[in-house]
Amino acid sequence: MEVLELLGRMGPHVVAALTVLVSVLASGHAVLRKRDVRAAVSWVGLIWLVPVLGAVLYLLLGINRIRRRARSLTLRQEHGRFPPGPRPTPLTAQALAEALPAAAHLASLTRVVDAVVQRPLLPGNRVTVLESRTDAYPSMLEAIGAARVSLTLCSYIFDNDMAGRRFVEALGEAVRRGVQVRVLVDALGSRYTWPPITGKLRRAGVRAARFLPTLMPKRLPFMNLRNHRKLMVVDGRVGFTGGMNIRAHFLPGEDGARDLHFRLEGPVVGQLQETFAQDWAFTTGERLTGEAWFPALEPAGPVVARGIPDGPDEDFEHIRWTLLGALASARDTVRIITPYFLPDQGLITALNVAALRGVRVDLLLPERGNLPFVQWASTAQLWQVMRPGCRVFLTAPPFDHAKLMVVDGMWSLLGSANWDPRSLRLNFEFDVECYDAALAQRLEEVVEERISRGRLLTLEEVEQRSLPIRLRDGLARLMSPYL
């Protein structure tokens, strides 16, 4: 009885001591780990002003466990990166400047990406621009129909709808022809329709797997470890990448969305296959090696290109650093198409510096987004890039899901990444940088076509939003690191 009374008297003191200890540990972690001083100050203030709850919120939302966990997800190759065997000769920054004098001023960008990505910049590629509502799916299905040896396909979303069933049928026919087929679908993206398409794939004889399968909300942190890449490689020689998932709202006559995709040939296709092979090996344990998957690749065109894998692992912020390098190197023009525009302060500053240097910076955003909360947050920070001189165009419906960047009519970036924290920090992405004036000119035409269908957003229009709308948008912006 005396012991219980003693414990009862000590209870409040123990709770107080534990509260102080937890607050000290949480605030110490924030001070030591947070890169942004403002974030560190905010978290420390919350931890001490709201005891226990503040520390719990920091544990759930403030600690960047994504990068630490993703390191453990990365496949460590026993003999280095894929693929083994002969490699094409890469271009250095100096060699690129000599081969493409018009790109000589972009040599600093080449050096940045060389250092960050540590993958070779490869000459001899061909890149064909595909529009979602005309030739993207037909070109992909035609390539599947021509496959003879191997076929790999990775998609964030692979819906069980009209478009998805067309691909299942084509993939099943390839299997019956003796083609080795591997399909990887993100586990979260596979659940956009029910039942998931993976059942139909397996019944068609296609070997399919889901990336990081999880039942929510038991493993809620893995919401962010999504494979957002869109990759397809046929016979190791023809590749496809871009922004398109496999779903019916990209079909002609549908009202859902429009997008861009790209057909690639040449040595850079090996880098697409390498990225797929690493994801597949992590997911299934099967290593894809040998000539069936990685044949010798001959030059196929004039484009100098490099694949840029990005994710919360050792490829952390590769695309963000590439964007910063491109903005710093631009002399004349920067054209950007993105469906989601939530850049961090560093990217905002880089856009502003480019505009203040006299570079014409054009941003093309959807007038009507598919995620209202994200669009509110985006609108709340547009003034930060418009005041220094960046122009913002709103493209008319249907919703434009394309991702594209063109610099000085010579350098292009295309692929799966958006200008938002989820793409640039939290998910696995894949982009391709390209040096070629003809390709850049074709992509400039894409930009101009979209501008012709859109309208210029003025700073006055942004600033004259009503107070309730501005408050709504501002509150949404507070959540932008998690959108």
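Preceding this paragraph is the structure being described.
Let us look at the structure shown here. (Residues numbered from 1 in each chain as written. Predicted model: local features only at pLDDT ≥ 70, side-chain atom pairs only at ≥ 80, totals over all residues. Heavy atoms only, no water.)

1. Observations regarding the overall build of the chain
When helices and strands are tallied, the chain shows 18 helices and 17 strands. Per-residue burial over the chain gives 55% buried out of 483 residues. Looking at the chain alone, contacts between residues at least 24 apart form 81% of all its contacts between residues at least 6 apart. Accessible surface computed for the chain: about 21200 Å², of which carbon and sulfur atoms make up 60%. (Helix = DSSP H or I, 4+ residues; strand = E, 2+ residues; numbered from the N terminus. Buried < 20%, exposed > 50% of the residue type's maximum accessible area, 1.4 Å probe, protein only. Contact = heavy atoms within 4.5 Å. Areas by Shrake-Rupley, 256 points an atom, 1.4 Å probe, with all protein chains shown as cover.)

2. Some words on the pairing of strand β10 (residues 333-337)
Extensive coverage of β10 is indicated by the burial of 5 of its 5 residues. With burial as the criterion, each face of β10 is covered, one bearing T333, R335 and I337 and the other bearing V334 and I336. Where β10 lies against strand β11 (residues 360-366), 5 bridges are found, and the strand directions are parallel. Looking across to β11, one finds that T333 is bridged to R360. As for the winding sense of the linkage, the β-α-β connection from β10 through helix α12 (residues 345-356) to β11 is right-handed. Examined bridge by bridge, β10 and strand β14 (residues 404-407) share 4 bridges and lie antiparallel to one another. (Pairing = 2+ DSSP bridges. Right-handed = clockwise from strand over helix to strand, strands pointing away.)

3. Describing the nonpolar core
Generally speaking, soluble globular proteins have nonpolar side chains that are buried together. The biggest cluster of nonpolar side chains holds 46 residues, and the ones touching the most others in it are V334, L351, M405, W411, W419 and Y435. For this core, the leading source of residues is α12, giving 6 residues. W411 has contacts with L106, L109, T322, A326, M405, V406, E433, C434 and Y435, leaving out every residue within four places of it along the chain. Counting 42 residues, the second-largest nonpolar core is a separate cluster that includes A209, L225, L364 and F393. (Core = buried A, V, L, I, M, F, W, Y, C linked by side-chain atoms within 4.5 Å.)

4. Re the environment of L363
Following the sequence through the fold, L363 ends up in strand β11. The exposure class of L363 is buried, given its relative accessible area of 0%. Placed 29 residues apart in sequence, L363 and V334 show a C-alpha to C-alpha distance of 8.4 Å. Setting aside chain neighbours within four positions, we find L363 in contact with I336, F341, V385, R391, V392 and F393.

5. Examining the packing of aromatic side chains
Counted by the stated rule, this structure contains 9 aromatic pairs. Relative to Y192, the ring of Y156 has its centre 5.9 Å away and its plane inclined at 75°; by these criteria the two rings are edge-to-face. In this pair, Y156 is assigned in the loop between β2 (150-155) and α8 (162-176) and Y192 in the loop between β3 (180-186) and α9 (198-203), connecting sequence segments 36 residues apart. By relative accessible area, Y156 is classed as buried at 10%. Pairing F211 with F428 gives two aromatic rings, centres 5.5 Å apart and planes at 70°, and the pair type is edge-to-face. Separated by 217 residues along the polypeptide, F211 in strand β4 (residues 207-211) and F428 in the loop between α15 (421-426) and β16 (429-435) bring together distant segments of the chain. Comparing F211 with F428, the two get one shared label, buried. Joined through ring pairs, the aromatic side chains of Y137, F158 and F167 make up one cluster. (Phe/Tyr/Trp six-rings, centres within 6.5 Å; stacked < 30°, edge-to-face > 60°.)

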